[in-house]
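Analysis of the macromolecular model
One-letter residues, chain by chain:
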Amino acid sequence: MGPVHPGAGVTRRLPLLAVAAAVLTGCAVVPQEAPPPLSCDPTPAAAVVPDDGVYLGANLDWGNETLAEYAAAAGHAPAVAVSFTAFPLGPDDGRNLDGAVDQLVAQGGLLLLTLEPHDGLAAVTDDAATDLAARLDGYNRRGVPVVVRFAHEMNGSWYAWGQQPVGYVAAFRRVAAAVHAGAPGSATMWAPNYGGGYPFAGGRYEAAAGSGDAAVLDTDGDGAVTAADDPYAPYWPGDDAVDWVGMSLYHWGSAHPWGENEVPEPGKFVAQLTGEYVGLAGDDRGLPDFHGTYGVQHGKPVAVPETAALHAPGSGGADELAVKQTWWRQVHDPGLTQRLPRLAMVNWFEWDKDEPEIGGRVDWTAASGADTRAAYRADLPAWGRWADAVPSCD
């Protein structure tokens, strides 16, 4: 199985209301007064895409760190704050999202909202999509743009919505239609997993041989779903439904099984985004050029909604700073925007957590650790755009 993402199949915690967070996590969370209500005309979603540079953001461990605390550690208020939630939303999900938006109202920036339909794609109804759009419109009118990343990594075999191209496309289009009609200050994002290791055989939700889904995924028509098939195109919902494209892209190491701390090879980040990677992790030159196909040809802004480099404490190999700095220097290369002109968003995965893929703890963070924080801040690129660059209201 190829590299997936940190904690595949594990829901990340959402921002909790201050007192609830203190109870659930045992952390010292200082209650904050809710920001005063704000009503404005939302900036149209297309105008939220940066004119130049790239939004730099973070996937936060909201239960243990506030947006303000992360901004102080990173030296900048992030342009993007990522939250994950079950979909359709339950009462607790809605309250948690409200808490995230409260922090963004105070701090600035946009919300990248990842919707996870753990009950399957059939649960994504018109009513759920319409209710979501109404909620997002309220957030937009508080000055918080939202990008909805619906059912990410749908080409993987580890999620309840995975490897079901027909149902996935229909559900994505249902959500997109509701968001576009009811929340013009919000946008949609289509975001598969990096295709190295596709079709990720052995996962719980792998498309069954001989099924209708497997027939759609068999893009080369040889009667089987293999690494020779396109890992992205069967899941494409259409230009009218997609505003942003994105790809989860991590440095897990050099070869499966993962878990040893290994310095990334030169040029790996760009090579994987452009279908040019060949190296210690294999020969992926048969993959499509994601940036070129979906960014340039389809004319969409490109995001890397999740990225980081694996450091497993106590597992040997290279030291933490060598691993992480080598990766973020590729991600933040001064010439990156010339090489990837459609790139518009990159979000670091700022979590320290157990990972089932390696059977132990991985510290993915860049700004949280004292040993890495100063180096990370020193390497931030001039093309980075922060919360103050994100338009909130017309």
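Located above this text is the structure these notes cover.
Parameters at a glance
Residues numbered from 1 in each chain as written. Predicted model: local features only at pLDDT ≥ 70, side-chain atom pairs only at ≥ 80, totals over all residues. Heavy atoms only, no water. Salt bridge = Lys/Arg side-chain N within 4 Å of Asp/Glu carboxyl O. Helix = DSSP H or I, 4+ residues; strand = E, 2+ residues; numbered from the N terminus. Buried < 20%, exposed > 50% of the residue type's maximum accessible area, 1.4 Å probe, protein only. Disulfide = S-S within 2.5 Å.

Things to note about the pattern of salt bridges
Two side chains bearing opposite charge may form a pair once their charged atoms approach each other closely. Per the counting criterion, the structure on display carries 15 salt bridges. Salt-bridge contacts for Arg135 lead to Asp98; the nearest nitrogen and oxygen are separated by 3.0 Å. Here Arg135 is found in helix H4 (residues 126–141), whereas its partner Asp98 is found in helix H3 (residues 91–107), with 37 residues between them in sequence. The class of Asp98 is partly exposed, set by a relative accessible area of 31%. Close ionic contact of Lys353 with Glu355 constitutes a salt bridge, the shortest N to O distance being 3.4 Å. Taken individually, Lys353 and Glu355 each receive the classification buried, so the pair is uniform in this respect. Within this structure, Glu320, Lys324 and Asp363 form a network of salt bridges that share partners.

Regarding the state of the cysteines
Within this structure, the stated rule accounts for one disulfide. Disulfide pairing is shown between Cys40 and Cys393; the S-S distance is 2.0 Å. Between Cys40 and Cys393 the sulfur-sulfur dihedral comes to about -60°; the bridge is accordingly left-handed. Of the two residues, Cys40 is situated in the loop between helix H1 (18–25) and strand E1 (54–60) and Cys393 in the segment after strand E13 (384–385); the sequence distance between them amounts to 353 residues.

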